[in-house]
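Structural description and commentary
The residues making up each chain are set out below.
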Amino acid sequence: MERAIITHAHGDHARWGSQQYLAARAGERILRTRLGPDASITPVDYGERITLNDVHVSFHPAGHILGSAQIRVEHQGEVWVASGDYKTEPDETCAPFELVRCHTFITESTFGLPIYRWMPQHDTFAALRAWWRTNAAEGRASIVYAYALGKAQRLLNGLRHDPPGPAYTHGAVERLNADYRDSGVALLGTIRASSMPRNHDWSTALIVAPPSASGSLWLRRFGSYSTAFASGWMSIRGMRRRRTVDRGFALSDHVDWPSLLDTIRGTRAERVLVTHGYRESLVRWLSEHGFDARVVASAWKGELDDTDPADEPMPEASDEASA
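Calculation criteria
- Residues numbered from 1 in each chain as written.
- Predicted model: local features only at pLDDT ≥ 70, side-chain atom pairs only at ≥ 80, totals over all residues.
- Heavy atoms only, no water.
- Core = buried A, V, L, I, M, F, W, Y, C linked by side-chain atoms within 4.5 Å.
- Buried < 20%, exposed > 50% of the residue type's maximum accessible area, 1.4 Å probe, protein only.
- Helix = DSSP H or I, 4+ residues; strand = E, 2+ residues; numbered from the N terminus.
- Contact = heavy atoms within 4.5 Å.
- pLDDT = per-residue confidence, 0-100.
- Salt bridge = Lys/Arg side-chain N within 4 Å of Asp/Glu carboxyl O.
- Pairing = 2+ DSSP bridges.
- Axes fitted to C-alpha atoms, helices over the stretch in contact; angles between N-to-C directions.
- Phe/Tyr/Trp six-rings, centres within 6.5 Å; stacked < 30°, edge-to-face > 60°.
- Lys NZ or Arg CZ within 6 Å of the ring centre and 35° of its normal.
- Arc of directions from axis to C-beta.

1. What about the nonpolar core?
Note that soluble globular proteins tend to have their nonpolar side chains buried in a common cluster. Ile-30, Leu-31, Trp-131, Leu-155 and Tyr-180 are the most contacted members of the largest nonpolar core, which totals 39 residues. Counting residues per element, the ones that place at least two in this core are strand E2 (20–24), helix H1 (28–35), helix H2 (121–137), helix H3 (151–158), helix H4 (171–182), strand E12 (206–209) and strand E13 (225–230). Among residues more than four places away in sequence, those in contact with Leu-155 are Phe-125, Leu-128, Val-144, Ala-146, Ala-230 and Leu-251.

As structure tokens, then:
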């Protein structure tokens, strides 16, 4: 492919093989980390309009992760917006979502069912901090599984005040922490776990690792520990057991059901194209409520755990397991 226009750097949205990439400037560092130093990336400021073959293209904040963008395309007065992944609750790790009016809105529906309704993130961080504090008081390390790009940094930003102990990370998380810090995002101070000596005391520590570290030899160094998973899927009873973790914290970087509907209404789109996730259920609801809505198939092959394919396998997994 000659040119790819990228919504964000997650592996199911940014792929190798194109000659040139257009992406929001805010996410340039993490996109280069993902695609490699030789990738030809043209960074574009949010709101800046560029013209490609008489089509006007601009990037607008999606609120999903650092550098995430909705893509607005205009030709002869017709405006389409592709949302990519998005959330409307602001957080300090990325630019807040911008509502963009359009004629056709292409929306994700990862959590496109009425059962998905998020608690305010402040409450989730408070619950996570209390869990960490209890574990520390009882001499157990606290291991939180979170996607290496986006979710891990959101956790480290939300927990940076009054931490009960030191924080450590898996290497897959730490390399992306550097990109966030270099982009001006404040994170809780972290140390790569594999850099610590074998006899290190982990009893009050928080360790942030990608989901693929669960059950691996890498965990043996931590001694006694409690595990948790941070994901929107944790709002469903039974998902914690499926993940074999002690606690689940429902923290998502996607819109929940009420925010999804509010966004669709807010765009004033005449047509809604739904891709990703619970497509048929959302299209059925929209059609029953007077929207011109259709399912759009895509090459996306994500999994129900929303794992970023670029995070598994982790490049340093074998090295860390033996350290």
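2. Brief notes about the confidence of the model for the chain
Of the residues in the chain, 92% reach a pLDDT of 70 or more, and the chain-wide mean stands at 91. Segment residues 303–323: pLDDT under 50, and 48 contacts once partners within four positions in sequence are set aside and those in other chains are kept.

3. Side note on the pattern of salt bridges
Here the structure, examined in full by the defined rule, presents 13 salt bridges. Taking the shortest distance from any N to any O, the salt bridge between Arg-72 and Glu-74 comes out at 2.9 Å. Several salt bridges share partner residues, and in doing so they unite Lys-87, Glu-89, Asp-91, Arg-154 and Asp-253 into one network.

4. Digging into the sheet that holds strand E5 (residues 55–61)
Strand order across the open sheet formed by seven strands is E4-E5-E6-E7-E8-E15-E16, with mixed pairing between neighbours. Strand pairing shows two members of the sheet lacking a second neighbour, strand E4 (49–52) and strand E16 (293–295), which therefore form its edges. Going across the sheet, the axis of each strand differs from the next one's by a mean of 25 degrees, ignoring polarity. Two strands pair when backbone bridges link them, and strand E15 (residues 271–277) and E16 are joined in this way by three bridges, in the parallel orientation. Each residue of the ladder has a partner; that of Val-274, found in E16, is Val-295. Running over the sheet, helix H7 (residues 279–288) touches strand E8 (104–109), E15 and E16 and is turned about 155 degrees from E15.

5. A look at the pairing of E4
It is a general feature of regular strands that their side chains alternate between the two faces of the sheet. Only one face of E4 is buried: it carries Ile-50 and Leu-52, and the other face, with Arg-49 and Thr-51, is open. The sheet contact formed by E4 and E5 spans four bridges and is antiparallel. Paired with Ile-50 across the two strands is Val-57, which belongs to E5. Between E4 and the antiparallel strand that follows it, E5, lie two residues; Asn-53 among them carries a positive phi value of about 50 degrees.

6. Some words on the packing of aromatic side chains
Scanning all chains against the criterion turns up 14 aromatic pairs. When the ring of Tyr-116 is compared with that of Trp-233, the centres are 5.8 Å apart and the planes differ by 90 degrees; the resulting orientation is edge-to-face. One end of the pair, Tyr-116, is in the loop between E8 and H2; the other, Trp-233, is in the loop between E13 and helix H5 (239–243), and 117 residues separate them in sequence. The exposure class assigned to Tyr-116 is buried, which follows from its relative accessible area of 3%. Residue class for Trp-233 comes out buried when judged on its relative accessible area of 6%. Taken together, Phe-111, Tyr-116, Trp-118, Trp-233 and Tyr-278 form an aromatic cluster joined through their ring pairs. Lying over the aromatic face of Phe-222, Arg-221 brings its terminal NZ or CZ to 6.0 Å of the ring centre.

7. With respect to H1
Burial in H1 covers these residues: Ile-30, Leu-31, Arg-34 and Leu-35. An end-on view of H1 places all buried positions within 125 degrees of arc, on one side of the element. Check the buried side of H1 and you find it contacts E2, strand E3 (41–44) and H4. Phi turns positive, to about 100 degrees, at Gly-36, one or two residues after H1.

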